[in-house]
Structures are given as structure tokens and as C-alpha cells.
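Structural characterization, general
Now for the letters of each chain:
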Amino acid sequence: MAPPRTYRCEAIILGYTPLREADLLVTMFTRDQGKVKAVAKGARRSTSKLVGHLEPLTVVRMSMAHGRNMDIISQAEVIRSFSELKEDLTAIAKGQYLAELVDGFGAEASANPGLFQLMIDTLGAVEADSASDMPLRFFELHLLQVSGLMPELYHCVECRNELEPDAHRFSPNMGGTLCLDCSPDDAHLRPLSLRALKVLRLLDRSEIVESCRLSPDDGLAAELKSLLSTTVSYWLGKEIRSNSFLERLNKESHPEVYI
Amino acid sequence: MARLVQELNRLPGIGPKSAQRLAYYIIRLPDEDAYALADAVTSVKQNIVYCEGCQNLTDASPCQICADPRRDRTILCVVEDPLDVLAMERTRSFRGLYHVLHGVISPINGIGPDQLKLKELFIRVADAEVTELVVATNPTLEGEATAMYIRRHQGRDDLKITHLARGLPVGGSLEYSDETTLSRAFQGRQEI
Ligand SMILES: [Zn+2]
Ligand SMILES: [Zn+2]
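Residues numbered from 1 in each chain as written. Chains lettered and ligands numbered in written order. Predicted model: local features only at pLDDT ≥ 70, side-chain atom pairs only at ≥ 80, totals over all residues. Heavy atoms only, no water.

1. Points about the pattern of salt bridges
Two side chains that carry opposite charge are able to pair once their charged atoms sit near each other. With the rule as written, the count across this model stands at 14 salt bridges over all chains. With its nearest N and O atoms 3.8 Å apart, the salt bridge here joins A:E77 to A:R61. On the criterion of sequence distance, the pair formed by A:E77 in strand β5 (residues 71–80) and A:R61 in strand β4 (residues 59–65) is long-range, its members being 16 residues apart. When its relative accessible area of 42% is taken as the criterion, A:E77 is described as partly exposed. Note on A:R61: relative accessible area 29%, which makes it partly exposed. Among the ionic pairs, B:E7 bridges to B:R10, the shortest N-O distance being 3.6 Å. For B:E7, a relative accessible area of 38% gives the class partly exposed. (Salt bridge = Lys/Arg side-chain N within 4 Å of Asp/Glu carboxyl O. Helix = DSSP H or I, 4+ residues; strand = E, 2+ residues; numbered from the N terminus. Buried < 20%, exposed > 50% of the residue type's maximum accessible area, 1.4 Å probe, protein only.)

Now the structure itself:
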């Protein structure tokens, strides 16, 4: 049976680039088909009925038509615009960071409804409290989880013994936490404080709303951020580009933390 | 020939087929026309500079607009790129000066504030002669974020900062407008 010519889907817009005179090539993450790139014909004309429906960080219901090379967006209707998030520069920068990670971890033609929901929940949490970094930490850990890369937080990845309540070490490429007795030769090995391990376990077991109530002190926040973003960028295989603008905004608002 | 096709293919909006068509067209041109084209490309690279005022591309700095004594020097209009200056000039409704950013902040593409002409903008804005800044970036997520960044970093508390009205496009319809456009159009409503 031939596939249907048109289909509907829900998607989060990740970004777009201009294509030819008036078209856009839109990158989105759909609930049912993972990452999709599709053409929005005429969308750069101000009279297009697609204008304004395809801005990044918007949840959209789409009607799509199968094209010869790429699918064509025939209709788009905004389901959730996160309009408050888009009034706040820091929140936008955080949203762009999330979009870059979903673009990097999401695969084409491979559904990952967990990642779809995680992105929406995290955008909601950033919108609710743009000053907190906990939504990003929650996102990073659960991004690893829904991608099948969840770091081990309960047993030593080397000797498999249950971890004692103590300081440990962590290695992104060995798959998580190591006890102090195991000392493999690994360039990525880094110290992991007991309180950081506790927060990671809590993020693992909690819902996002609960996780975002945590407000770790500056030292702990910096440890979590460094550990999770290093792990995420290790698996991504490249630097996260939007991180540097986010860091810059952070430095401007808390100059004392980053000397 | 392959090299020409390859170079043309790198131009925005030119796919491999169009590049081939253009290459054949160039090959069939009379010699003097082809050399005139090549010369225009070379001389544009040799002679075009950024205007010391507005940062627009110009063959003489300051550019015609910045050098024009009839323009209002108290108001600066910030745009994303040189084509926006042309579009604004066609309306003949703005008599101030421009400032061209040459892009917008786009963290995902590695474009931060330092890759744009923002430092130059903040130096111009520090001059007390400037009393109003019209931020005319596009009403996209990145355009809006750039506008917010400018508002936060311009460094003066006595500067009037305005935005172009965000509203419904001429020829657009309420039915197809997204909620952000509609609510902004409502906020920017005018007496008739
Ligand atoms: Zn061990
Ligand atoms: Zn000029």
C-alpha cells in the first residue's frame, strides 16, 4: 500500500534557514517521527498564512504533504507559543540551548516521544522560572536517559559494588559513577561530591516541577552544570554552540560566581 | 567550467541546476561582458568598505546617508542588514540615521554579540546627541532576542527606545494569525 499523501503531526520548531527566494527549510522535532526537516513554501512572504507559526520554541500542529525530496508544510496551527518565555532574553537563550541539544540528539525518522515531552516540560519550567538553572540540569540528565545513555548513579561502573555514601568519581565515557577503590586509566575521570550525587539521584527520581524547587548553592550548581554539560557534549561529539551566549548572559547577571 | 559551477553554487539561493545554467550563460557572453562581470566582482571586494557611521556597506565612508546634512542625527534606526536600509529608504518615511548590525544574535549558529556591529552601535549611542533608538530587527525569535540584548546593553537611562509596530501584515487575515502577532497587534492598536 502506498503511504498516504498527507499526514498530520505535532512538532516543536527547532529552527529554520531560508531556502530559495521565499521558502524556509524548517527543522522540527515531532512526537511520532523524531526529527523532521520540511519546506514551508512562501513562508518568508509577510502575507503567508504560515508566518508566525514557525518560530523556534513553538509547539505546532502541522499538516504535511510528502514531497519528492522533502515533505512540504501545508498548514500549521500553534498549540503552545511559550509567549512569556519569548519576552525574556535569558529564557530565550535557555530555550535555544535546549533546541540545539534536541537537534543534536534527536534522530530523523526515529520516534522519541519521551524526548518530545521532555522538551515541552522543560520549556514550561524555564518559562515559569527563567532565573533557575535546574530546568536545564533536569533536561540534560533526562535527555541522556531518553537517549539510552543514562549514567549509572547507584553502583560503581567498574566493580559493580553499591556506592557508599561518600565522595566518588565520575566518567562520562565509562558510563557514570566510580568508587574510590577503582582507578582505571581514564582521561575523562573527574571528582564527584556526595551532595552532587544526591542531587543527580533526586533529578533521576523526581518530576520536573519538584526538581526545579531545588536551589543549590553556587559551588554545587557549578559542579552539576559542569558535570552534566560535559557528559552531554561528550555524547554529542561536539561543543554545544549556544552554551557560550548563555554563559555570557550568566556572567553578566552573577559576575561574582565566575572569576 | 566545473570550478565556475562550484563557485556559483555557493551563492545563496543558487542550487546546482541554476549554477549550471548561469555558468552556460556566462560562457556564451561576449568577452567584454564576461570581463565586466569579473571586474565588478573584483572591484566590489577591493572598494567596498563599512561606513564608519552606520556600518552599512559603501564605496566611500561616511556613506551618502550619514554624510547628508539634512538627516536627523538624534534618531538611529537599527536594522539587521543592508537590504533593510534600502527597504526603509523606499518608504521615505524615516529621516534619521541607520545602524546596520549585519545579522542577529544566533547562538545555535555560533553568532554572538561580538560577531555583529553591536560594539559600534553602543559607541554611537553613548553620544548624547542621540535621543531615540528605533530597533527595527525582524519580528523573529532571534530578531526579538537581539532587540532585548540591545535594550539591556545600550548603557543609557535617558534614551527613548522604540520598536516598529508589530501587527498584522497588509493582506494578512485575523483567522490565520498566530496568537503572538494578534496580541501584539492589539497592544499596538491606533485611534482611527
Ligand atoms: Zn569500584
Ligand atoms: Zn553610513
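2. Details of the environment of A:K49
Relative to the elements of secondary structure, A:K49 occurs in the loop between β3 (34–40) and β4. Taking the relative accessible area as the measure of exposure, A:K49 reaches 37% and is therefore partly exposed. Considering only alpha carbons, one finds A:K49 and A:N69, 20 residues apart in sequence, at a separation of 23 Å. If we skip the residues at most four places from it in the chain, A:K49 touches A:S74, A:Q75 and B:Y176. (Contact = heavy atoms within 4.5 Å.)

3. Concerning the sheet that holds β4(A)
Residue and element names in this part refer to chain A. Judged by pairing direction, the barrel is mixed, and its 5 strands sit side by side in the order β1-β2-β3-β5-β4 before closing back on the first. On average, each strand axis in the sheet is tilted by 50° relative to the strand beside it, whichever way the strands run. Here strand β1 (residues 6–19) pairs with strand β2 (residues 23–30) via 8 bridges, running antiparallel. Across the sheet, L19 pairs through a bridge with D23, a residue of β2. (Pairing = 2+ DSSP bridges. Axes fitted to C-alpha atoms, helices over the stretch in contact; angles between N-to-C directions.)

4. Quick word on the domain arrangement of chain A
All names here are of chain A. When the domains of chain A are assigned, the result is domain 1 (6–80) and domain 2 (85–258). Across the boundary between the two partners, domain 1 contributes 18 residues, which contact 24 residues of domain 2. Carbon and sulfur atoms make up 68% of the area that domain 1 and domain 2 hide from each other, which totals about 1600 Å². When the buried surface of domain 1 facing domain 2 is broken down by residue, F29, K35 and L57 rank first, second and third, together holding 41% of it. For the interface between domain 1 and domain 2, the tally reads 1 salt bridge. Between D103 and K35 there is a salt bridge whose closest N-O contact spans 2.7 Å. Across the domain 1-domain 2 interface, the total number found is 7 residue pairs in polar contact (both at pLDDT 80 or more). Looking at the side of domain 1 that touches domain 2 residue by residue, the class counts come to 7 nonpolar, 5 polar and 6 charged. (Domains from an automatic or database assignment. Buried area = accessible area lost by both parts, 1.4 Å probe. Polar contact = N/O pair within 3.5 Å; in protein donor to acceptor, adjacent residues only side chain to side chain. Nonpolar A, V, L, I, M, F, W, Y, C, P; charged D, E, K, R; others polar.)

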